[in-house]
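Residue-level structure breakdown
Listed here are the chains, written in short residue letters.
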Amino acid sequence: MNKIKTKDTIVNVFVGLSSIITIVALAIIFGYVFTQGKDLISFDLITKDYHARNYVAVIENDTNQTFEMPSFDDEQVYVSSRYGIALIQSQDLAGDSVIKVAYIDENSPFTTMINQDPSKAQISLEEDAVVSRITYVNHPSSLTNKGAQMMINDLNDPEREIFEVMFATTGGGIRGSIITTLYLILLTLAVALPIGVLSAIYFNEFAKKTKLTKVLRNFVETLTGVPSIIYGLLGISVFVPLTMRFTPASGSNLIAGALTLGVILLPTIIRTTEESLKTVSDDHRFASLALGANKTQTTFKVVLPQALPGILTATFLGIGRIIGESAALIFVLGAAIKDQVRILEPSTSLAVHIWSMMTDEPANIALSSSIALIILLIVLVLNIIIKLIASMWLKKGQV
Amino acid sequence: MKSLTRNKEIKGPKLGPFSASKTKRVQSPLSKSDSVVKVILSLFGFISASFIVFILFFITTRGILPFITNNNGLGSVNFFSFISGTVWLNGPTFVSTAYSAGFLIINTLYIAFLSLLLSFPIGVLTALFIAKIAPKHVANFLRTVIELLASIPSIVYGLVGVGLFLPAIYSFARSLGYSSGGGSGTLATVIVLALMSIPTITSISEVSIRSVDESLEHASLALGATPTQTRFKISLLAAKSGIFSGAILAIGRSLGEATAVSLVAGNAKSGPTFGLFDITSTLTSTMLEGLKETTGIDYDIRFSVGIILMVVILLTNFLLNQLKNRIGHQYE
């Protein structure tokens, strides 16, 4: 008897251990993404461009006033009170040494410069921008490799007059990928929802239980087991050429991406919608028919509205899938991160943005984690919404 | 148990060959507009069902091109060396056609099998805990954990794999005296895939464990078996068929997973790799490699690998389903 007891205990320990492992796995994933990604989460992240942009500008009004500068604790920060600017010796994401703007006074001459591109627009140096070169009239330029201290010394030299400033915005924002993801969600749902819901209505309300219907259903079900990378192949061999023929697009484009995602979503939408159509009581169908409505009216005015929670659930499940999908989109859209998103051109969704940065050398884990954190939060919210719909639906069913 | 469920099925109206239309849920003569609507709707049904045919057709026609054409004078790819070779590309890019995916097939199956070895016990035991042991609120909490794990996109698993597992595996391998390629390789891939499979196995196993007839368990307890013995020898065995289905789904997912694998596998160009700390590559990770070529054999060969991937998945599914049918029905 004792032997059995010890055996039982050991076995139960393993059962408990397994459950703990799953909890720990989830905690590790969320914990890692949160700790790595939280620092970069800011409003700037979602509004800024990803790629750094280079500018050459001239100073418009070179004043000789003296600015009052705050004091800095960091030894790497050098201050020019003549121009109201503080520079810091820093590193970019690739680990190269760069000079960044640590502080800039709002009346500094650097805030009212003229861009030297054809637009001649007024442009301002901003904090965190990388200053790569300042050239002077009749004096040697100050460059990145001479360091921030040297650059500030040159600036403070009263003999020198600034000719041109070369600087770059920092980039590292994900605005473009967010816009692409939103486009993809809208376009995909616009394609997949009508096809999926109408197919579900056909299968559940109109189709006779013939062999052919069964085969069609099985075909739809088989799509569930197809790996997403295979959908990517479908996208480049069918949807990309198709969109190139009927639109001015010259290569991969968001519409082809959305069509591919649409096929991926179809089985989920059809199944979820059908399940909710099945829960609609037959009494309602009979009642409607008995009142003289024809089948079409019954289906669309009586049955379909009651299946709305299911369609909503399918929509949110679909949004989750679109946000998380990477393999198929890498094939159809490529992995080049864009700041200017156009529907007929390739760009990256948030998930592909991560993949693109992770396959770069060196991998940008900090920014990837920030995007992953955003994705996880969205997925979490979607899960909660789906649960809310389900519980509201159940309550309604009980009444 | 079987006879019980059978009785339930018979309760409905008995179907005769001529009464098929009477058993339709809502029977009414279709008006003219209804018929039009039905035709339109059936069109959508056909469109939805046609995509699997499209996928098979286009990938096959594209994928056999490297074997049947001479690839712009480069010569055709030999099919048998393609499915049996041990080096991805034997020769320089763009001019060589000596592609081989044989080692990729072995790597892919090996990795999927190892990850199932890891995820299966954890997944099933967690399911048993949720279904039979845990108090209600703990079970609900665990279900939420499983749902969340299932909804995490694969790219995030890949990211955590690169950021967390690779350094850990690297230092672990070094402490054992192995030098690993930054930690990437079989072990990292197996762990990432196992984590991704656990929710699939758990959620399906849990449902089938819960649907085991309680009278079986009561009989076992009445015969003097301990609750633990009953859980393992009755509940788990009776749910065998469902648990097996979960494992089949999980292995299908492991075989087809691409982005997470490509980040942690190390993308070896030859193989097969059996060492846990050695870099490896799978069918999917190879398909994601070097996407820059857009024409010619270097592009079409991806479709060939795609065909192989689908054949591997279908064959594995088929064989495992056969196995399931052979051992699956015990208490039913």
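It should be emphasised that the depicted structure is a prediction, and the values quoted were computed from it without experimental measurement.

Another aspect to go through is the nonpolar core. Formed by 168 residues in total, the largest nonpolar core has its most connected members in Ile229(A), Ile230(A), Phe82(B), Val156(B) and Leu283(B). Counting residues per element, this core draws most heavily on helix α5 (residues 102–133) of chain B, which supplies 15 residues. Those residues in contact with Ile230(A), other than ones at most four positions away along the chain, are Ile55(B), Ile59(B), Gly306(B), Leu309(B) and Met310(B).

Every contact between the two is made by 76 residues of chain B and, on the other side, 78 residues of chain A. Taken over both partners, the interface formed by chain B and chain A buries close to 6800 Å², and the fraction arising from carbon and sulfur atoms is 79%. Counting across the chain B and chain A interface gives one salt bridge. Notably, a salt bridge pairs Lys387(A) with Glu147(B), separated by 3.3 Å at the nearest N-O pair. Taken together, the residues of the side of chain B that touches chain A break down into 49 nonpolar, 19 polar and eight charged.

A few words now on the pairing of strand β3 (residues 85–91) of chain A. Residue and element names in this part refer to chain A. Sheet topology note: the strand β2 (residues 77–80)/β3 ladder contains four bridges and is antiparallel. Residue pairing for β3: Val77 is matched across the bridge by Ile88. Where β2 folds back on β3, the antiparallel hairpin that results is connected by four residues, among which Gly84 adopts a positive phi of roughly 65°. Strand direction decides the pairing type here: β3 and strand β4 (residues 97–104), joined by seven bridges, are antiparallel. Paired with Ala86 across the strands is Tyr103, a residue of β4.

Following the criterion strictly, the structure yields 14 aromatic pairs over all chains and no others. Clustering of aromatic rings is evident, with ring pairs tying together Phe51(B), Phe54(B), Phe57(B) and Phe58(B). Directly above the ring of Tyr136(A) sits Arg160(A), whose terminal nitrogen or CZ lies 4.8 Å from the centroid. Positioned over the ring face of Phe206(A) is Lys295(A), at 5.3 Å from the centre of the ring.

All names here are of chain B. Along its sequence, chain B is organised into domain 1 (39–90) and domain 2 (104–328). Taken together, both faces of the contact between domain 1 and domain 2 bury some 1500 Å²; the carbon and sulfur share is 78%. Counting the contacts that link domain 1 with domain 2 gives one salt bridge. In this structure, the salt-bridge partner of Asp300 is Arg62, at a minimum N-O distance of 3.0 Å. Contributions of two or more residues to the side of domain 1 that touches domain 2 are made by α2 (32–63), α3 (65–68) and α4 (79–84).

Next up on the list: the domain arrangement of chain A. On domain assignment, one finds that chain A holds domain 1 (2–40), domain 2 (52–169) and domain 3 (175–397). In this structure, domain 1 of chain A and domain 2 of chain A have C-alpha centres spaced 53 Å apart.

Let us look at unusual backbone geometry. Residues and elements named next belong to chain A. Backbone geometry places Asp128, a non-glycine residue, at a positive phi of 80°. Tracing the backbone through its elements, the reader meets Asp128 in the loop between β6 (122–123) and β7 (130–136). Using a relative accessible area of 42% as the deciding quantity, one classes Asp128 as partly exposed.

Moving on, we come to the pattern of salt bridges. Residue and element names in this part refer to chain A. Tallying each qualifying case throughout the model produces 17 salt bridges over all chains. Between Arg285 and Asp282 there is a salt bridge; the shortest N-O distance is 2.8 Å. Here the residue Arg285 and the residue Asp282 both occupy positions in helix α8 (residues 282–290), the gap between them amounting to three residues, near one helical turn. Given a relative accessible area of 2%, Arg285 falls into the buried group. For Asp282, a relative accessible area of 23% puts it in the partly exposed group.

Our next topic: the side chain of Asp300(B). Residue and element names in this part refer to chain B. Turning to its location among the elements, Asp300 is positioned in helix α14 (residues 297–327). Residue Asp300 is classed as buried on the basis of its relative accessible area of 12%. A polar contact is formed between the side chain of Asp300 and the side chain of Arg62, at a distance of 3.0 Å.

What counts, and at which threshold
- Residues numbered from 1 in each chain as written.
- Chains lettered and ligands numbered in written order.
- Predicted model: local features only at pLDDT ≥ 70, side-chain atom pairs only at ≥ 80, totals over all residues.
- Heavy atoms only, no water.
- Core = buried A, V, L, I, M, F, W, Y, C linked by side-chain atoms within 4.5 Å.
- Buried < 20%, exposed > 50% of the residue type's maximum accessible area, 1.4 Å probe, protein only.
- Helix = DSSP H or I, 4+ residues; strand = E, 2+ residues; numbered from the N terminus.
- Contact = heavy atoms within 4.5 Å.
- Buried area = accessible area lost by both parts, 1.4 Å probe.
- Salt bridge = Lys/Arg side-chain N within 4 Å of Asp/Glu carboxyl O.
- Nonpolar A, V, L, I, M, F, W, Y, C, P; charged D, E, K, R; others polar.
- Pairing = 2+ DSSP bridges.
- Phe/Tyr/Trp six-rings, centres within 6.5 Å; stacked < 30°, edge-to-face > 60°.
- Lys NZ or Arg CZ within 6 Å of the ring centre and 35° of its normal.
- Domains from an automatic or database assignment.
- Polar contact = N/O pair within 3.5 Å; in protein donor to acceptor, adjacent residues only side chain to side chain.

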